[in-house]
Amino acid sequence: MTELIKVVVTGAAGRMGREVVKMVLQDEQMQLAAAVGPSSGPVDAGTLVGLEPCGVLVTPDLETALSNAKADVLVDFTVPHAAYGNTTAAIMHGVRPVIGTTGITPEQIEELDKLCQSRGIGGLIAPNFSIGAILMMKFAAQASKYLPHVEIIEYHGDQKLDAPSGTSVKTAELISEVREELRQGNPQEKETIEGSRGGYYNGFRIHSVRLPGVFAQQEVIFGGFGQTLKIRHDSYDRAGYMPGVSVAVKKVMTYTGLIYGFEHLMD
Ligand code: NAP
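All of the points below concern the structure found in this document. Only a predicted model underlies this, so the values are computations on that prediction, with no experimental measurement involved.

Thresholds applied
- Residues numbered from 1 in each chain as written.
- Predicted model: local features only at pLDDT ≥ 70, side-chain atom pairs only at ≥ 80, totals over all residues.
- Heavy atoms only, no water.
- Near = heavy atom within 4 Å.
- Polar contact = N/O pair within 3.5 Å; in protein donor to acceptor, adjacent residues only side chain to side chain.
- Areas by Shrake-Rupley, 256 points an atom, 1.4 Å probe, with all protein chains shown as cover.
- Nonpolar A, V, L, I, M, F, W, Y, C, P; charged D, E, K, R; others polar.
- Pairing = 2+ DSSP bridges.
- Helix = DSSP H or I, 4+ residues; strand = E, 2+ residues; numbered from the N terminus.
- Phe/Tyr/Trp six-rings, centres within 6.5 Å; stacked < 30°, edge-to-face > 60°.
- Buried < 20%, exposed > 50% of the residue type's maximum accessible area, 1.4 Å probe, protein only.
- Lys NZ or Arg CZ within 6 Å of the ring centre and 35° of its normal.
- Expected span 1.5 Å × (residues − 1).
- Contact = heavy atoms within 4.5 Å.
- Right-handed = clockwise from strand over helix to strand, strands pointing away.

With that settled, consider the site of the ligand. Taken together, 21 residues are adjacent to the ligand, and R15, M16, S39, T102 and A126 come closest. Measuring from an oxygen atom of the ligand, one finds a side-chain N or O atom of R15 at 2.9 Å. Between the ligand and M16 there is a distance of 2.8 Å, counted from an oxygen atom to a backbone nitrogen or oxygen. Protein burial of the ligand: of its 930 Å² of free accessible surface, 75% is covered by the chains. A breakdown of the residues in the shell around the ligand according to their chemical character gives 10 nonpolar, nine polar and two charged.

Of the strand pairs in this sheet, strand 7 (residues 149–156) and strand 9 (residues 204–210) are connected by six bridges, and their pairing is parallel. Bridging from a neighbouring strand, E154 pairs with S208 of strand 9. Where strand 8 (residues 199–201) and strand 9 come together, three bridges link them in antiparallel fashion. In the sheet register, Y201 faces strand 9, and the bridge partner there is F204. Where strand 8 folds back onto strand 9 in an antiparallel hairpin, the turn is made up of two residues, including N202, whose phi is positive at roughly 45°.

The way to describe two aromatic rings as a pair is by their centre distance and the angle between their planes. Per the stated rule, a full pass over the model turns up four aromatic pairs. Judged by centre distance (6.0 Å) and plane angle (55°), the ring pair of F77 and F129 falls under tilted. Placement of the pair is F77 in the loop between strand 4 (73–76) and helix 4 (80–92) and F129 in the loop between strand 6 (122–125) and helix 6 (131–146), with a sequence separation of 52 residues. Considering the side-chain rings of F129 and F262, the 5.7 Å spacing of their centres and the 55° angle between planes classify their relative orientation as tilted. Here F129 is found in the loop between strand 6 and helix 6, whereas its partner F262 is found in the segment after strand 12 (257–260), with 133 residues between them in sequence. You can call F262 buried: its relative accessible area is 2%. Taken together, F77, F129 and F262 form an aromatic cluster joined through their ring pairs. Over the ring of Y260 we find K170, and its NZ or CZ is 4.1 Å from the ring centre. The ring centre of Y155 lies 5.7 Å from the NZ or CZ of R232, which sits over that ring.

Turning our eyes to something else, we now look at helix 4. Over its 13 residues, helix 4 runs 19 Å from end to end, which matches the ideal 18 Å to within 8%, given 1.5 Å per residue. Residues of helix 4 that are buried: A83, N86, T87, A89, A90 and I91. Considering only its buried residues, helix 4 is in contact with strand 1 (5–10), helix 3 (62–69), strand 4, strand 5 (96–99) and helix 5 (106–119). After helix 4 finishes, the residue G94 shows a positive phi value of roughly 75°.

Burial along strand 5 is two-sided: R96 and V98 and P97 and I99, pointing in opposite directions, are all buried. The pairing of strand 4 with strand 5 spans four bridges and is parallel. Across the sheet, residue L74 finds its bridge partner in strand 5, namely P97. Handedness of the strand 4-helix 4-strand 5 crossover: right-handed. Looking at chain direction, strand 5 and strand 6 are connected through two bridges and run parallel. Bridging across to strand 6, V98 finds its partner in L124.

In structure tokens, the structure reads:
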């Protein structure tokens, strides 16, 4: 029998974290090694997510959890300022990070890659684990080769901490790899209200909408002579990210170094 993959979940009491705990408890190839939530009382992780008690209490302290759990993988859906520290701590314990938290900077990603390499373990930072969203990003990058005039509009709930979203930044990076050098719009353009043209990235714009009632959506709009093309993805439920997280936990066991973007694990 193959050994179970022992998983630590940070942000276990959060909206994404609870879905991860549920997924791990229901996956035959995984075992919940620890669940960390800084503000949670000593509640059973299974009970917390509406399943049978599983014997793992949600604990506030990651260091103790990492020392005791002998885990293989850490899955983190927390907040940007905590995720970097959680990831570093995991790597120092030889635990492979699978990071869904958005807002981690390129410099931090580089540092974490070096740390993973030096410990000889794999890691993943993925701004989006949804297969439909990955396809949206890939199709947008393909289209930008032929229609280089592009703008991105992303929509999220009003309590989201980072803007623009990790998915829109990743989309912009993929577009920039293939799109011809081009600064769009009228060079004489002036904003009469600051920020009205959105965030500037490599010659094009990203717009962040934040409203209650919205979950996660993105449109990539291309303009050409007498035509526009819109590529749009809508997420409706956090459970939709879990097939991707499950694949990531299994694949991160098989390589060395930090990969940025779930699309690299999909082929
Ligand atoms: P959430 O419900 O607010 O949960 C955040 C969790 O982080 C909470 O459980 C909170 O714990 C914990 N936390 C806060 N500060 C912490 C710290 N210093 N150390 C450890 N844990 C800490 O947020 P969410 O909706 O689950 O989203 C979490 C992250 O996932 C965000 O960055 C979001 O953008 C990202 N996300 C990514 C994807 C993807 O596919 N990659 C999809 C959706 C969301 P307490 O409540 O105990 O304080």
